[in-house]
Amino acid sequence: VTSPCNILKCNSEYLAATSGSHHPGTEEVPEFCTALRAYAHCTRSTARTCRGDLAYHSAVHGIDDLMVQHNCSKDGPTSQPRLRTLPPGDSQERSDSPEICHYEKSFHKHSATPNYTHCGLFGDPHLRTFTDSFQTCKVQGAWPLIDNNYLNVQVTNTPVLPGSTATATSKLTIIFKSFQECVDQKVYQAEMDELPAAFADGSKNGGDKHGANSLKITEKVSGQHIEIQAKYIGTTIVVRQVGRYLTFAVRMPEEVVNAVEDRDNQGLYLCLRGCPLNQQIDVQTFRSPQATESRTRRKGPILPAAPEAFTYETATAKCREKLPVEDLYFQSCVFDLLTTGDVNFMLAAYYAFEDVKMLHSNKDKLHLYERTRDLAPGNAAPSRSPQALLALWAALLCLSRWWSVLL
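In this report, we go over the structure that sits alongside the text.

Thresholds, definitions, all that
In every chain, residue numbers begin from 1 and rise along the written sequence. For a predicted model such as this one, the threshold for reporting local features is a pLDDT of at least 70, and the threshold for listing and counting side-chain atom pairs is 80 or more; totals across whole chains, interfaces and linings nevertheless cover every residue. Hydrogens and waters are ignored; side-chain quantities use all the structure's heavy atoms. Think of it this way: any DSSP run of H or I at least four residues long counts as a helix, any run of E at least two long counts as a strand, and we number them from the N terminus. When checking whether two residues touch, look at their non-hydrogen atoms; a contact exists if any pair is within 4.5 Å. If DSSP finds at least two bridges between two strands, the strands pair. Between the N-to-C directions of two axes lies an angle of 0 to 180 degrees, each axis being a line fitted to C-alpha atoms and, for a helix, fitted only over the stretch in contact. Take the buried Ala, Val, Leu, Ile, Met, Phe, Trp, Tyr and Cys residues and link them wherever side-chain atoms come within 4.5 Å; each set so joined is a nonpolar core. Per-residue accessibility, obtained with a 1.4 Å probe over protein chains only, is compared with the maximum for each type, and a residue is labelled buried under 20%, exposed over 50%, and partly exposed between these values. Should an angle lie under 35 degrees it is considered roughly parallel, over 145 roughly antiparallel, and from 65 to 115 roughly perpendicular; all remaining angles are considered oblique. Note: crossing handedness is left-handed where the near helix turns anticlockwise from the far helix by less than a right angle, and right-handed where it turns clockwise. Disulfides are defined as cysteine sulfur pairs within 2.5 Å. Here a pair means two rings of Phe, Tyr or Trp (six-membered ring of Trp) with centres within 6.5 Å. Their orientation is stacked below 30 degrees between planes, edge-to-face above 60, and tilted elsewhere. Charge over a ring is defined by NZ of Lys or CZ of Arg lying within 6 Å of the ring centre and within 35 degrees of the ring normal.

Section: the side chain of Asp336
Phase 1 of the analysis: Relative to the elements of secondary structure, Asp336 occurs in helix 9 (residues 328-340).
Phase 2 of the analysis: Excluding anything up to four places from it in sequence, Asp336 contacts Gly123, Asp124, His126, Gly341 and Phe345.

Some remarks on the sheet that holds strand 11 (residues 245-253)
Phase 1 of the analysis: Read from one edge of the open sheet, seven strands run 3-2-1-11-10-9-8, paired in antiparallel fashion. The strands lining the two open edges of the sheet, one partner per strand, are strand 3 (134-136) and strand 8 (215-221). Taking the axes of each pair of neighbouring strands and ignoring which way they run, one obtains an average angle of 10° across the sheet.
Phase 2 of the analysis: Contacting strand 1 (116-122), strand 2 (126-128), strand 9 (225-230), strand 10 (235-242) and strand 11, helix 10 (residues 344-359) runs over the sheet at an angle of about 165° to strand 10.

Regarding the nonpolar core
Phase 1 of the analysis: Counting 45 residues, the largest nonpolar core has Ile146, Ile174, Phe176, Ile228, Tyr232 and Phe248 as the members making the most contacts within it.
Phase 2 of the analysis: Broken down by element, this core gets its largest block of residues, four residues, from strand 11.
Phase 3 of the analysis: Once residues lying within four places of it in the same chain are set aside, the contact partners of Phe176 are Tyr150, Leu151, Asp184, Gln185, Lys186, Phe199, Leu215, Ile228, Ala230, Tyr232 and Ile237.
Phase 4 of the analysis: Within the second largest apolar cluster, 21 residues are counted, among which are Cys5, Ala55, Ala59 and Ile175.

Section: the packing of helix 2 (residues 29-45) against helix 3 (residues 54-69)
Phase 1 of the analysis: One can describe the packing of helix 2 onto helix 3 by two numbers: an axis separation of 10 Å at closest approach and a directional angle of 150°. Here helix 3 runs roughly antiparallel to helix 2, going by the angle between their axes. Crossing of helix 2 against helix 3: the hand is left-handed. Side by side, helix 2 and helix 3 meet where Phe32, Leu36, Arg37, Tyr39, Ala40 and Thr43 of the first sit next to Tyr56, Ala59, Val60, Ile63, Leu66 and Met67 of the second.

Digging into the state of the cysteines
In protein structure, a disulfide is the covalent linkage between the sulfur atoms of two cysteines.
Phase 1 of the analysis: Enumeration over the complete set of coordinates arrives at six disulfides.
Phase 2 of the analysis: Disulfide partner of Cys319: Cys333, at an S-S distance of 2.0 Å. The chirality of the disulfide connecting Cys319 with Cys333 is left-handed, given an S-S dihedral of about -90°. Separated by 14 residues along the polypeptide, Cys319 in helix 8 (residues 312-320) and Cys333 in helix 9 bring together distant segments of the chain.

Looking at the sheet that holds strand 6 (residues 167-176)
Phase 1 of the analysis: Reading across from one edge, 4-5-6-7 is the order of the four strands in this open sheet, with antiparallel pairing throughout. Across the chains shown, the open sheet's two edge strands, defined by having one partner strand only, are strand 4 (141-147) and strand 7 (186-191). Direction aside, the axes of adjacent strands within the sheet are offset by 20° on average.
Phase 2 of the analysis: Its contacts with the sheet put helix 3 on strand 5 (151-159), strand 6 and strand 7, and the angle it makes with strand 6 is roughly 25°.

Quick notes on the packing of aromatic side chains
Phase 1 of the analysis: Taken as a whole, this structure holds nine aromatic pairs when the rule is applied.
Phase 2 of the analysis: Judged by centre distance (6.0 Å) and plane angle (80°), the ring pair of Phe176 and Phe199 falls under edge-to-face. One end of the pair, Phe176, is in strand 6; the other, Phe199, is in the loop between strand 7 and strand 8, with 23 residues separating them in the sequence. The two residues Phe176 and Phe199 agree in class, both being buried.
Phase 3 of the analysis: Each member of the aromatic cluster is reached from another via a ring pair, and the members are Phe122, Phe134, Tyr329 and Phe353.
Phase 4 of the analysis: Taking the ring centre of Tyr116 as reference, the NZ or CZ of Arg251 above it sits at 3.7 Å.
Phase 5 of the analysis: The residue whose ring lies beneath Lys322 is Tyr350, and the NZ or CZ to ring-centre distance is 4.6 Å.

Quick look at the structure:
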């Protein structure tokens, strides 16, 4: 399932027309205005289908600002001439960022190293929040993942198979807000089978400001793995495409996580608050052979459409190939193989854990386990049987009577 919103096409056409130029010379303004009008025309043509798309609204706002800055008329030709490319040594090449554009240097020069937190989303989908809560969720459609004073992240989850409740991330939009003399507003958007190595305007850093290189995007594996470094807020973001779907992981200082205008009245923000209870799924119901048989009977014709049908035993064996520790990443892998039959979800769980190893600041919290009485001591509060509770109550009653006699 793909979105009918064509904002990426509009962005690409505008980039092709301007070749990365941000501040054209006086003689190029008419051609620049022509490219802007063509860009505006393209966004209007896709307005209805892009109504809820963050990148679309960011593009429309950016076009209006640029038209005002360059005194462009909304009426005129809309063909797309090619403008000059940026010459060597332009702001895209700068590396001498001011100190305020380096989070640790500017905000923590005379204090301890900031506390970093991690959030990740992968698979069908599974969410690890900034507080290390681990959930499996439905969350079909568009949901805000992060929303603070510095950036917004929105994900769109679509059904993996027709008629199935299993969903995975098919679209990701990240908006980095303009920040002092460091960066201009930048939008990054990825979709199924399209993982760009640049922001929506074609740039790979924070724009024309002096600290532009405090925001940089790097392609690690073409079409499969990108990394965004936002040094001005001490943040690292990793986006991957595994199979057809996307995974997201972030490392962010607590100070940035909590930088919101009104936390009490803030809307839903999955990385901070987790998925709503009515959107959470209990993965334990998928762990027995009986549950596997029940799913097979219930789904009927859906499972044969998947690449492979797994039983609980074969899914467990497959996941052990990449995830030898039976933590929640392992259990997520098993769950995804049972619900989708797609072996790429095993790789998604594997890479999600690899990202945790790279991004999480507390190496003792890499593995997460369920807080149940089946866990080893130390991972959960001990559960008491009814007999033990009754004995405890009787002892307290006797103690209270003895104390009353003394008094």
